[in-house]
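Descriptive analysis of the structure
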Amino acid sequence: MDRKTDLKKSEEFDAQKTTELISQVLEDENKGYLSSSCITEKPRAISHPMFLGFDVYVKSNLNIKDTGHYKTQKHLYKQFKLTTDLVPDKNILTQKQFEGFENKSENGGFQFWDWLRTNCKNGYCSISKPIFNKTYDLAYVQIGTICGELCGSGEERIYELVNGKWIVKESLGVWIS
């Protein structure tokens, strides 16, 4: 097999594991962080993870030694977008919609929070693409919700695959507004 075929198989396996973990988190959190009827296609209702030292932080928590694997995981993390295949019961808010909201707000007359209350039960929520260790039995995930102007919360977690089920191994950080 050539390198291109190996990469494609690796990305397909990653997509399968991503779907598996996100589906389980959505089910587990349907009355918690991810209870909103709306979800963002790319993470928004979470703390921004790309802080100084993020790479060391994640690699340490997932015990990742292979820099090639981590580089691929980080690339997939940045490119990831939720689709209706993964969240069929939620309204997906796109990046383009948020850009439109921001433009309308800057021009006056548009109140995002009024729109949100009218269109999204319980605000909106976000989930990041998991960053997996090389053996795909540990993963870093961020989840969060925005329920109003000064209302929101989120968490960074490490999940571990135990007997075919993803469990929260550790909460690395929680924020509340």
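Residues numbered from 1 in each chain as written. Predicted model: local features only at pLDDT ≥ 70, side-chain atom pairs only at ≥ 80, totals over all residues. Heavy atoms only, no water.

1. Quick notes on the overall build of the chain
As a reminder, the rule being used: Under the scheme used here, helices are H or I runs from DSSP no shorter than 4 residues and strands are E runs no shorter than 2 residues, and both carry numbers assigned from the N terminus. With C-alpha atoms as the basis for the radius of gyration, the globule rule is written as 2.2 Å multiplied by the number of residues raised to the power 0.38. Think of it in three bands: residues with accessible area under 20% of the maximum for their type are buried, residues over 50% are exposed, and the middle band is partly exposed, with areas taken using a 1.4 Å probe on protein chains only.
From N to C terminus, the chain includes five helices and seven strands. Each helix (α) and strand (β) of the chain, taken in turn from the N terminus, gives the series α-β-α-α-β-α-α-β-β-β-β-β. Radius of gyration (C-alpha) of the chain: 17 Å, near the 16 Å computed for a compact globule of 177 residues. For the chain, the spread of C-alpha atoms along the three principal axes comes to 55 × 35 × 30 Å. Looking at the chain as a whole, 42% of its 177 residues are labelled buried.

2. So, the state of the cysteines
This is how it is decided: Two cysteine sulfur atoms form a disulfide, by the criterion used here, when they sit within 2.5 Å.
The full count for this structure, using the stated rule, is two disulfides. There is a disulfide in this structure between cysteine 38 and cysteine 120, and the S-S distance comes to 2.1 Å. Because the torsion about its S-S bond is -85°, the bridge between cysteine 38 and cysteine 120 counts as left-handed. Here the residue cysteine 38 occupies a position in strand β1 (residues 38-40), and cysteine 120 occupies one in the loop between α5 (112-119) and β3 (124-127), the gap between them amounting to 82 residues. Like cysteine 120, cysteine 38 is buried. Shown here is the disulfide that connects cysteine 147 with cysteine 151, its sulfur atoms set 1.7 Å apart. Linking cysteine 147 and cysteine 151, the disulfide has an S-S dihedral of approximately -80° and is accordingly described as left-handed. Note on cysteine 151: relative accessible area 32%, which makes it partly exposed. The connectivity of the disulfides in the chain is 1-2, 3-4, where the numbers refer to bonded cysteines in sequence order.

3. Focus: the side chain of glutamine 142
Definition in use: We define a polar contact as two N or O atoms separated by no more than 3.5 Å, with the added condition that, inside protein, one atom must be a possible hydrogen donor and the other a possible acceptor, whereas residues neighbouring each other in sequence contribute only through side-chain atom pairs.
Turning to its location among the elements, glutamine 142 is positioned in strand β5 (residues 138-148). Residue classification places glutamine 142 among the buried residues on the basis of a relative accessible area of 0%. There is a polar contact of 3.1 Å between the side chain of glutamine 142 and the side chain of tyrosine 77. Within the structure, the side chain of glutamine 142 is placed 3.3 Å from the side chain of tyrosine 140, a separation counted as a polar contact.

4. Things to note about the pattern of salt bridges
For side chains of opposite charge, pairing can occur when their charged atoms come near one another. As a reminder, the rule being used: What counts as a salt bridge is simple: a side-chain nitrogen of Lys or Arg found within 4 Å of a carboxyl oxygen of Asp or Glu.
Counting across every chain of the model gives nine salt bridges. Salt-bridge contacts for aspartate 14 lead to lysine 129; the nearest nitrogen and oxygen are separated by 2.9 Å. Here the residue aspartate 14 occupies a position in helix α1 (residues 3-28), and lysine 129 occupies one in the loop between β3 and β4 (131-132), the gap between them amounting to 115 residues. Lysine 129 carries the same exposure label as aspartate 14, and that label is buried. Here aspartate 66 makes a salt bridge to lysine 134, at a shortest N to O gap of 2.5 Å. With aspartate 66 in the loop between α2 (54-62) and α3 (67-79) and lysine 134 in the loop between β4 and β5, this residue pair connects regions lying 68 residues apart in the sequence. For lysine 134, a relative accessible area of 53% puts it in the exposed group.

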